[in-house]
Amino acid sequence: MNGSGAAGAALPELLAPAGGLDQMLAAVAAGADAIYAGLGGFNARVSAHGFTDDEFARGCAVAHAHGVRVYVTLNVFVFDDELADAVALGAHAYALGADALIVADAGLACALRAAIPGVEIHLSTQAGVHSEGAVRLAADELGVERVTTARELTVDEIAALCATGVPIEVFCQGAICIGYSGACEFSALRRARSAMRGDCTQPCRLAYDLVDEAGESVVSVEGDRLLCPRDYLGIAHLPELVAAGVASLKIEGRMKNPDYVFNVVQVWRRALDMVRDGAWEPDIVAELERELGRSFNRGFTDAYLRGRSGAELMSFERAINQGVRVGRLVAVGYEEVTVELDAAVAAGDTLEIRFYPGGDARPDVPKRWPQVPCPGDAAAGECVVVHCKRKVDTGCEVYLIRSAGVLEQTATALERMRAEADTAVPVERTVEVLPFEGGTVDDDASTGELMESPEQGVPARVAFAWQLMDTDPHDELDLSDATVVLDEVCRVGDAERTRSLMRRAGRVVCRNLGQVAMARELGVMFDVAAPVFCANRATLAWLRGLGARRVYLPAELVTNDAELVASLADRPGVLGPVDADRPELMVCEHCLLTAEGTCATDATGQVHCRDCQRRRQMRYLVERDGTRLPVAVDACGRTRIFLS
């Protein structure tokens, strides 16, 4: 698509990450329209450097002087005894200069709305919004001004969400969690550190094996990072996203350095300005991707935007910086090599030479990826001689993994912006905080008629929707004697099947806000379970108000927080995990079985997951300590990983 595809469409906001004051200043200098940052402990990147109050206030003053908005992330799930503190932090952020708060916890959103008049709330991607119904429910029942959608959505799905009229924020670049955000308890259940509390141990970046029932490895790809995706990059789809009416393009990276923020923001700013000016051409995409590749990345993928989720999504070999290809070795001498360039390099750049032993090499010959400094400037098409002591061969690809030019540009911009920040005068705001009840649910509350004992009117048989895709492929079984636990994901392709299950089931358990909206529309009796995450009584009250009869607590709370469970479990109709017999660690759109090799296709080249023979065989993901985690892939090709 060229620039005309977005003609007349308003440009989306360019939203940049900031883990500290320097990153915030770099984002402003590079042309961001808005910045999101953490302040205090209630955010999903608790290990980010963060700000002092003075730094944040001065950063907001500089941002506002340049017409840049600032959002504060309060996007973790909070407990009862934390609600007041989280509300106080939100008010404090507003007083220091924040323009909006990004929230995942429904109870916290309700508390903030009640306590801070006029507060602007954006719903985090952690809330798991995949559908139009979920978007409308969030806007109507939580009153949020903006919704951040799941990364897994296609361009067409994003366009449909934008058509609701609710401002939609989408990620445009950055790291991807392989599991659906808000639906991953891997770190919590295996390491007792919760992603839902901002303390993920990043299990998706670790090494694994995939074995059959006999314990034999079935992996055929090169590498052992079987859960590690490449970085998301949607720049090739920019005109489509603009035409779709996206309100905000979000760059992931609150843990990244200022040079990352500066480079990535300035490239996206350039791209957006080209679309605005009608100067966008598809030929420019490769150049923009090379410029973005000069900053940290695990390789890039736009697979989700194209409706793909196979091996092309993954970075099997490495979970660290991949850089960008700049050439190949054409000669090897004594402690030096000659690189023929297909992209420009500069003096001081760090280059990486990727050496793979040949097929006839001894098994003990290792890969070697030496990193070497570039001695001088050189243009595409030229050759440069580089000092290298390590054994490598001609033909090896060479990548730029650290750009001296980006570092220099960032340092120059920061010097100017720091001087501005030093003289900035923060605006002192007074924020009124009204008393709020915190959403306490009393046994005789107005929602009391919804509360049930665990056994009241509940079919004894339990069936999981993802398993029914195989046992009930034509949606024809009588499920009136069953409680059907719906899937964690509810996208447009899931809607028809989900509606059928709701109509036929004796009872349903909704695990997504889109399903809650659907159940309310159909007048179906429903319960809720994680990833509709309930960690406090304010959320419980909100769910009751929507019509939920029973609420299942997340497995990670029951496993790791007995005191919290006690505070919620004394409420009628509050139960333990819906998957207590086999706790689920994560669900992902990616099919893990693609690590076994290319999928079988029909005569037209289409992959039919329902007919896949691999997924009918038992598979285990094996951790380094030997722990075997059962794997199941459903008829849609989605992977679920379970606790052993």
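Our subject is the structure listed above.
Parameters at a glance
- Residues numbered from 1 in each chain as written.
- Predicted model: local features only at pLDDT ≥ 70, side-chain atom pairs only at ≥ 80, totals over all residues.
- Heavy atoms only, no water.
- Helix = DSSP H or I, 4+ residues; strand = E, 2+ residues; numbered from the N terminus.
- Rg over C-alpha atoms; globule rule 2.2 N^0.38 Å.
- Buried < 20%, exposed > 50% of the residue type's maximum accessible area, 1.4 Å probe, protein only.
- Contact = heavy atoms within 4.5 Å.
- Areas by Shrake-Rupley, 256 points an atom, 1.4 Å probe, with all protein chains shown as cover.
- Lys, Arg positive; Asp, Glu negative; His and termini not counted.
- Charge placed at Lys NZ, Arg CZ, Asp CG, Glu CD.
- Pairing = 2+ DSSP bridges.
- Expected span 1.5 Å × (residues − 1).
- Salt bridge = Lys/Arg side-chain N within 4 Å of Asp/Glu carboxyl O.
- Axes fitted to C-alpha atoms, helices over the stretch in contact; angles between N-to-C directions.
- Polar contact = N/O pair within 3.5 Å; in protein donor to acceptor, adjacent residues only side chain to side chain.
- Core = buried A, V, L, I, M, F, W, Y, C linked by side-chain atoms within 4.5 Å.
- Phe/Tyr/Trp six-rings, centres within 6.5 Å; stacked < 30°, edge-to-face > 60°.
- Lys NZ or Arg CZ within 6 Å of the ring centre and 35° of its normal.
- Disulfide = S-S within 2.5 Å.

Talk me through the overall build of the chain; I want residue IDs and the actual numbers.
Tallying secondary structure elements over the chain gives 17 helices and 27 strands in all. Its C-alpha radius of gyration of 26 Å places the chain within 12% of the 26 Å reference for a compact globule of 644 residues. Here the C-alpha coordinates of the chain stretch approximately 80 × 65 × 50 Å along the principal axes. Counting every position in the chain, which comprises 644 residues, the buried fraction comes to 58%. Contacts spanning at least 24 positions in sequence make up 69% of the contacts within the chain whose residues lie at least 6 apart. As displayed, the chain has an accessible area near 25,100 Å², and 48% of this comes from carbon and sulfur atoms. Charge separation in the chain, taken as the distance between the mean sites of 63 positive and 94 negative side-chain charges, equals 3 Å.

Before we move on, could you go through the pairing of strand E27 (residues 639–642) and cite the residues and values that matter?
With burial as the criterion, each face of E27 is covered, one bearing Thr639 and Ile641 and the other bearing Arg640 and Phe642. Summarising the sheet, strand E24 (residues 584–588) and E27 pair through 4 bridges and their orientation is antiparallel. By the bridge assignment, Met586 is partnered in E27 with Ile641. As paired elements, strand E26 (residues 628–633) and E27 share 3 bridges and run antiparallel to each other. In the sheet register, Val631 faces E27, and the bridge partner there is Ile641.

An account of helix H3 (residues 83–96) is needed here, citing residue identities and associated values.
Taking 1.5 Å as the rise per residue, H3 with 14 residues should run 20 Å; its terminal C-alpha atoms sit 20 Å apart, in good agreement. Those residues of H3 that sit buried are Leu83, Ala86, Val87, Leu89, Gly90, Ala91, Ala93, Tyr94 and Leu96. Residues of H3 that are buried sit in contact with helix H2 (53–65), strand E3 (69–74), strand E4 (100–103), helix H4 (106–115) and helix H15 (537–546). Looking one or two places after H3, you find Gly97, whose phi comes out positive at around 135 degrees.

Give me the lowdown on the pattern of salt bridges, citing residues and values where you can.
Scanning the entire structure with this criterion turns up 55 salt bridges. One salt bridge connects Glu623 with Arg191, and the closest N-O pair in it is separated by 3.0 Å. With a gap of 432 residues between them, Glu623 in the loop between strand E25 (619–622) and E26 and Arg191 in helix H7 (residues 186–191) connect regions that are remote in the sequence. Across the pair Arg225 and Asp224 runs a salt bridge, and its minimum N-O distance is 2.9 Å. One network of salt bridges, in which partners are shared, links Glu157, Asp487, Glu488, Arg491, Asp494, Arg497, Arg511, Glu584, Glu589, Asp634, Arg638 and Arg640.

Run through the sheet that holds strand E12 (residues 324–333), naming residues and quoting values.
Taken together, the 6 strands give an open sheet; going across it, the order is E15-E14-E17-E12-E13-E16, and neighbouring strands pair in antiparallel fashion. If you trace the sheet from one side to the other, it starts and ends with strand E15 (371–373) and strand E16 (383–387), each paired once. If you compare each strand with its neighbour and ignore which way they point, the axes differ by 40 degrees on average. Pairing geometry for E12 and strand E17 (residues 397–402), over 4 bridges, is antiparallel. Counterpart to Val324 in the pairing with E17 is Leu400.

Describe in detail the environment of Arg491, supporting the description with residues and values.
Along the chain, the position of Arg491 falls in the loop between strand E19 (482–485) and helix H13 (495–504). Judged by relative accessible area, which is 9%, Arg491 ranks as buried. Through-space distance from the C-alpha of Arg491 to that of Gly133 is 9.8 Å; in sequence the pair is 358 residues apart. Non-local contacts of Arg491, meaning those with residues more than four positions away in its chain, are made with His130, Glu152, Leu153, Thr154, Glu157, Tyr180, Glu589 and Arg638. At a separation of 3.1 Å, a polar atom in the side chain of Arg491 contacts the main-chain carbonyl oxygen of Glu152.

Can you lay out the nonpolar core for me, pointing to particular residues and giving the numbers?
Core analysis: the biggest nonpolar cluster contains 161 residues, and Phe56, Ile235, Trp268 and Trp280 have the highest contact counts within it. Beyond its immediate chain neighbours, meaning those up to four positions away, Phe56 contacts Met24, Ala37, Leu39, Phe51, Val70, Val72, Ala93, Leu96 and Ala98. Grouped together as the second largest cluster of nonpolar side chains are 21 residues, Leu329, Val337, Phe355 and Ala378 included.

Just give me the short version of the packing of aromatic side chains, but keep the residues and values in it.
Throughout the structure, instances matching the rule amount to 5 aromatic pairs. Ring plane angle 40 degrees and centroid distance 4.6 Å describe the contact between Phe77 and Phe533, whose orientation is recorded as tilted. Note that Phe77 is positioned in the loop between E3 and H3 and Phe533 in the loop between strand E21 (526–528) and H15, a separation of 456 residues in sequence. Ring plane angle 70 degrees and centroid distance 5.6 Å describe the contact between Tyr356 and Trp369, whose orientation is recorded as edge-to-face. Highlighted residues: Tyr356 in the loop between strand E14 (350–354) and E15 and Trp369 in the loop between E14 and E15, separated in sequence by 13 residues. Take Tyr356: its relative accessible area is 36%, and that puts it in the partly exposed class. Overall, the relative accessible area of 17% leaves Trp369 in the buried class. For the cation-ring pair, Lys250 lies above Tyr36, with the distance from its terminal atom to the ring centre recorded as 4.5 Å. The cationic tip of Arg354 hangs over the ring face of Trp369; the distance from NZ or CZ to the ring centre is 4.9 Å.

Just give me the short version of H2, but keep the residues and values in it.
With 13 residues, H2 should reach 18 Å at 1.5 Å per residue; the first-to-last C-alpha distance of 18 Å fits that figure. Taken as a whole, H2 has its buried residues at Phe56, Ala57, Arg58, Gly59, Cys60, Ala61, Val62 and Ala63. Where the residues of H2 are buried, they touch helix H1 (21–30), strand E2 (34–38), E3, H3 and helix H11 (404–423). Backbone geometry just downstream of H2 places Gly67 in the positive-phi region, at approximately 75 degrees.

Please set out the state of the cysteines residue by residue, giving values where relevant.
One pass over the full model with this rule turns up 0 disulfides. Here Cys228 stays unpaired: no disulfide links it, and the sulfur of Cys204, its closest cysteine neighbor, is 6.7 Å away. The class for Cys228 is buried, based on a relative accessible area of 0%. Between Cys388, a cysteine without a disulfide, and Cys396, which holds the nearest cysteine sulfur, the sulfur-to-sulfur distance is 9.0 Å. Relative accessible area serves as the criterion here: at 4%, Cys388 is assigned to the buried category.

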